[in-house]
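A structural walkthrough
Each chain is listed here by its residues.
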Amino acid sequence: MATKLVERLDNMRRRATGNGVTQCMLCSAEFGLLGSRSYGAMCHDCRKYVCQKNCGLETYDQKRADLIFLCKICSENREMWKKSGAWFFKEVPEFM
């Protein structure tokens, strides 16, 4: 199960084609002030911009007691840390 999570995360990283500044890091949608196709939001973890439509999600951060926005890559990375038990050992296991 853990190797599938790592493979999925690696595939998501490989497919990310945008620059994360003027376009969505994941789907390459252009951002702009007037007539923009999409609105960008900064990911709390990686500090890259992604569109709010399909490439990110809002989640609750218990440390800050506030809502934060995460791109799908960082969200998946957090899931991998939770499901693999890496959070307990503070590192990703060797078999991953």
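Under the annotation held in an unreviewed UniProt entry, the chain carries the name FYVE-type domain-containing protein and is attributed to Plectus sambesii.

A separate point is the overall build of the chain. Within the chain, the regular secondary structure consists of 3 helices and 4 strands. Reading the chain from its N terminus to its C terminus gives the helix and strand order α-β-β-β-β-α-α. A buried classification covers 36% of the 96 residues belonging to the chain. Within the chain, counting contacts between residues at least 6 apart in sequence, those at least 24 apart form 39% of the total.

Okay, the environment of aspartate 61 next. Inspection of the secondary structure assignment puts aspartate 61 in strand β3 (residues 56-61). In this structure aspartate 61 comes out as buried when scored by relative accessible area, which is 11%.

Attention shifts here to the pairing of strand β4 (residues 66-71). Here β3 runs beside β4; their pairing, made up of 6 bridges, is antiparallel. Residue pairing in the sheet places glutamate 58 in a bridge with phenylalanine 69 of β4. Once β3 ends, the chain turns through 4 residues before running back antiparallel as β4, passing alanine 65 with a positive phi of about 55°.

Right, let's talk about unusual backbone geometry for a bit. Positive phi, normally seen in glycine, also occurs at arginine 47, with a value near 65°. Topologically, arginine 47 is positioned in the loop between β1 (40-42) and β2 (49-51). Of note in the backbone geometry, alanine 65 takes a positive phi value of approximately 55° without being a glycine.

Thresholds applied
- Residues numbered from 1 in each chain as written.
- Predicted model: local features only at pLDDT ≥ 70, side-chain atom pairs only at ≥ 80, totals over all residues.
- Heavy atoms only, no water.
- Helix = DSSP H or I, 4+ residues; strand = E, 2+ residues; numbered from the N terminus.
- Buried < 20%, exposed > 50% of the residue type's maximum accessible area, 1.4 Å probe, protein only.
- Contact = heavy atoms within 4.5 Å.
- Pairing = 2+ DSSP bridges.

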